[in-house]
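# Coordinates in review
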Amino acid sequence: MIFLVLLSIFLHQASSSPVNQPLSFSFSSFSQLSCSSGSLICTGAVTPYNGYLSLTSEPFQSNSSYYSATLPLNEVGRVLYKQPVIAWPAMISTTFTIRISRYPNTTDSADGMTFVFAPDSNPSPPNSYGSSLGIFSGNVSQLAVELDTYKNGFDMDGNHIGIDTTSVLSSFAASLNSTGIDLKSGRPIKVQIDYDGWTKMLYVSVAYHGYPLQRFIEKPIIMSETVPSSVYVGFTAATGAISESHHLLDWTFTTFPLPSYSLKKQNLVKH
């Protein structure tokens, strides 16, 4: 039955415009050519390496010693897929692996990463370093799942995931402190984000790479009231007065547009 439903949706979309087509892509790894091959839009401090993308600069290293005077401060990096994707009405699923690390010989780190549904392909806003996580400078309507590694005055702690829409004051957040997962442990961490266009629910699951995913967020989100119908998807990272490294190791993404009658169904459910 599920197969027949998905088949009917696919056939319904066959005559739609390209941005409304089902789309799936996968980056099993990255290379030094990843930002120049045309598949990704890399801006800010992003640097491609063999095996990963570094979203903020790596610290200067000499004779195995890191010098705080050369740590990259107040930086922002952004990586987006090259073309817009359908955000609503749609079923969306993305899985990626990140690695956030404190620098050697440092006792603290900041600020974190996000997965973002951005309204355009522009670089991160000016002055969006630090607690703005490369997504906000003033109130902008977009959707981001933050992986926050620093406790600002408005944060619950320095190890949480959250949902951001019009500001970094998360509309919903979940601490990882009691889970055994430390976002800035330097270990690969797998994240899965799913959006159900029928039920209008956003799900976020996290685990250390190689371990079963644990769901930490189940949040109602009406995409049509949050972002444009087509968006650019990808990642941001930021440092502030304190630094850390932000690596993206792999990424898969799928969006499957739903037929227009799903909007009618939403309205019937709301009434």
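Scroll up for the structure.
A short tour of the structure in this document, coming up. (Residues numbered from 1 in each chain as written. Predicted model: local features only at pLDDT ≥ 70, side-chain atom pairs only at ≥ 80, totals over all residues. Heavy atoms only, no water.)

Attention now goes to the nonpolar core. The biggest cluster of nonpolar side chains holds 50 residues, and the ones touching the most others in it are Phe-96, Val-233 and Trp-251. Here this core takes five residues from strand 9 (residues 90-101), the largest share from any one element. Discounting residues that sit within four places of it in the chain, Phe-96 has contacts with Phe-115, Leu-147, Ile-189, Lys-190, Val-191, Ile-193, Phe-235, Leu-248, Asp-250 and Trp-251. (Core = buried A, V, L, I, M, F, W, Y, C linked by side-chain atoms within 4.5 Å. Buried < 20%, exposed > 50% of the residue type's maximum accessible area, 1.4 Å probe, protein only. Helix = DSSP H or I, 4+ residues; strand = E, 2+ residues; numbered from the N terminus. Contact = heavy atoms within 4.5 Å.)

It is worth spelling out the pattern of salt bridges at this point. The tally for this structure, following the rule as stated, stands at two salt bridges. We note a salt bridge from Arg-102 to Asp-182, for which the minimum N-O separation is 3.5 Å. Of the two residues, Arg-102 sits in the loop between strand 9 and strand 10 (112-118) while Asp-182 sits in the loop between strand 13 (172-175) and strand 14 (189-196), which places them 80 residues apart along the sequence. When its relative accessible area of 35% is taken as the criterion, Arg-102 is described as partly exposed. Between Arg-215 and Glu-218 there is a salt bridge, with its nearest N and O atoms 3.8 Å apart. For Glu-218, a relative accessible area of 47% corresponds to the partly exposed category. (Salt bridge = Lys/Arg side-chain N within 4 Å of Asp/Glu carboxyl O.)

What follows is about unusual backbone geometry. Residue Pro-89 follows Trp-88 across a cis peptide bond; omega there is -10 degrees. As for its position among the elements, Pro-89 is in the loop between strand 8 (85-86) and strand 9. Of note in the backbone geometry, Asn-74 takes a positive phi value of approximately 50 degrees without being a glycine. Structurally, Asn-74 is set in the loop between strand 6 (65-66) and strand 7 (76-81). We classify Asn-74 as partly exposed; its relative accessible area is 41%. We note that Lys-200 has phi near 60 degrees; this positive angle belongs to a residue other than glycine. The topology assignment puts Lys-200 in the loop between strand 14 and strand 15 (201-208). With a relative accessible area of 12%, Lys-200 lands in the buried category.

With that settled, consider the state of the cysteines. Enumeration according to the criterion identifies one disulfide in this entry. Across a sulfur-sulfur distance of 2.1 Å, Cys-35 and Cys-42 are joined as a disulfide pair. When the S-S torsion is -80 degrees, as for the bridge of Cys-35 with Cys-42, the disulfide is left-handed. Of the residues examined, Cys-35 reaches a relative accessible area of 23% and is grouped as partly exposed. (Disulfide = S-S within 2.5 Å.)

Moving on, we get to the pairing of strand 17 (residues 230-238). Extensive coverage of strand 17 is indicated by the burial of eight of its nine residues. Relative to strand 17, strand 7 runs antiparallel, the two being bridged by five bridges. Among the inter-strand pairings, Arg-78 is bridged to a residue of strand 17, identified as Thr-236. Pairing between strand 8 and strand 17: two bridges, direction antiparallel. Following the sheet pairing, Val-85 is matched in strand 17 by Val-231. Across seven bridges, the pairing between strand 10 and strand 17 is antiparallel. Pairing of Ala-118 across the sheet is with Tyr-232, part of strand 17. (Pairing = 2+ DSSP bridges.)

Any link to function would need more than the numbers given here.
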